[in-house]
Amino acid sequence: KKIPIEMTCLINLEYLDFGYNKELMNLPKGIGNLKKVNQLKISHCKNLKALPIEFDNLSQLEKLHISSCKEIQKNFSGFKKLLKKEQEGNLQIYR
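Residues numbered from 1 in each chain as written. Predicted model: local features only at pLDDT ≥ 70, side-chain atom pairs only at ≥ 80, totals over all residues. Heavy atoms only, no water.

Focus on the overall build of the protein
Check the secondary structure of the protein and you find 2 helices and 4 strands. Reading the protein from its N end, one meets helices and strands in the order β-β-β-α-α-β. For the protein, the spread of C-alpha atoms along the principal axes amounts to about 35 × 30 × 20 Å. Considering the protein as a whole, with its 95 residues, one finds that 38% of them fall into the buried category. (Helix = DSSP H or I, 4+ residues; strand = E, 2+ residues; numbered from the N terminus. Buried < 20%, exposed > 50% of the residue type's maximum accessible area, 1.4 Å probe, protein only.)

See below:
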């Protein structure tokens, strides 16, 4: 299943929870437009295999829950900005 692309127009959104959505297969590329999101949960989304590269644009992200998302965890190394935020202590990633 897909998340409606219209969701990416909610530019003042601060919290997103897609956790435990077994049917979720991908996130829209426009998710990077949600600059105010500070917490995102995608834990236990077993069919979610990858995140769009625009995901790295979530500059206000402070907490990211990706537990039980093995494919996401394996492929997270491409998100340089978010990994840098984590190293600096400005982002908590729950794996």
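Overview of the nonpolar core
Counting residues in each nonpolar core, the largest one holds 26 residues, and the members touching the most others are Leu-27, Leu-40, Phe-55 and Phe-76. In this structure Leu-27 touches Ile-3, Phe-18, Ile-42, Leu-48, Leu-51, Pro-52 and Phe-55, once residues within four positions along its chain are discounted. (Core = buried A, V, L, I, M, F, W, Y, C linked by side-chain atoms within 4.5 Å. Contact = heavy atoms within 4.5 Å.)

Some details on the sheet that holds strand β2 (residues 39–41)
Strand order in the open sheet formed by 4 strands is β1-β2-β3-β4, with parallel pairing between adjacent strands. Lying at the two open borders of the sheet, with one neighbouring strand each, are β1 (15–17) and β4 (92–94). Put simply, the sheet's adjacent strands are angled 5 degrees from each other on average, direction ignored. Relative to strand β3 (residues 63–65), β2 runs parallel, the two sharing 3 bridges. Note that in β3 the partner of Leu-40 across the bridge is Leu-64. (Pairing = 2+ DSSP bridges. Axes fitted to C-alpha atoms, helices over the stretch in contact; angles between N-to-C directions.)

Considering the environment of Glu-23
Note on placement: Glu-23 falls in the loop between β1 and β2. Taking the C-alpha atoms as reference points, Glu-23 and Cys-45, separated by 22 residues in sequence, lie 7.5 Å from one another.

Considering the packing of aromatic side chains
Inspection of every chain in the model, using the stated rule, returns 2 aromatic pairs. Note on Phe-55 and Phe-79: the rings are 5.6 Å apart at their centroids and 70 degrees apart in plane angle, and the pair reads as edge-to-face. Here the residue Phe-55 occupies a position in the loop between β2 and β3, and Phe-79 occupies one in the loop between α1 (70–74) and α2 (80–87), the gap between them amounting to 24 residues. Exposure remark for Phe-55: the relative accessible area of 0% places this residue in the buried category. Consider the rings of Phe-76 and Phe-79, whose centres lie 5.2 Å apart with planes at 40 degrees: the pair is tilted. (Phe/Tyr/Trp six-rings, centres within 6.5 Å; stacked < 30°, edge-to-face > 60°.)

Points about the pattern of salt bridges
Taken as a whole and assessed by the stated rule, the structure comprises 3 salt bridges. The partner of Glu-88 in a salt bridge is Lys-84, with the nearest N and O atoms 3.9 Å apart. In this structure, the salt-bridge partner of Glu-86 is Arg-95, at a minimum N-O distance of 2.9 Å. (Salt bridge = Lys/Arg side-chain N within 4 Å of Asp/Glu carboxyl O.)

Some remarks on the state of the cysteines
Cysteine pairs can be linked by a disulfide, which is a covalent bond between their two sulfur atoms. The final tally for this structure, using the stated rule, is 0 disulfides. Here Cys-69 is not disulfide-linked; the sulfur of Cys-45 is the nearest cysteine sulfur, at 5.3 Å. (Disulfide = S-S within 2.5 Å.)

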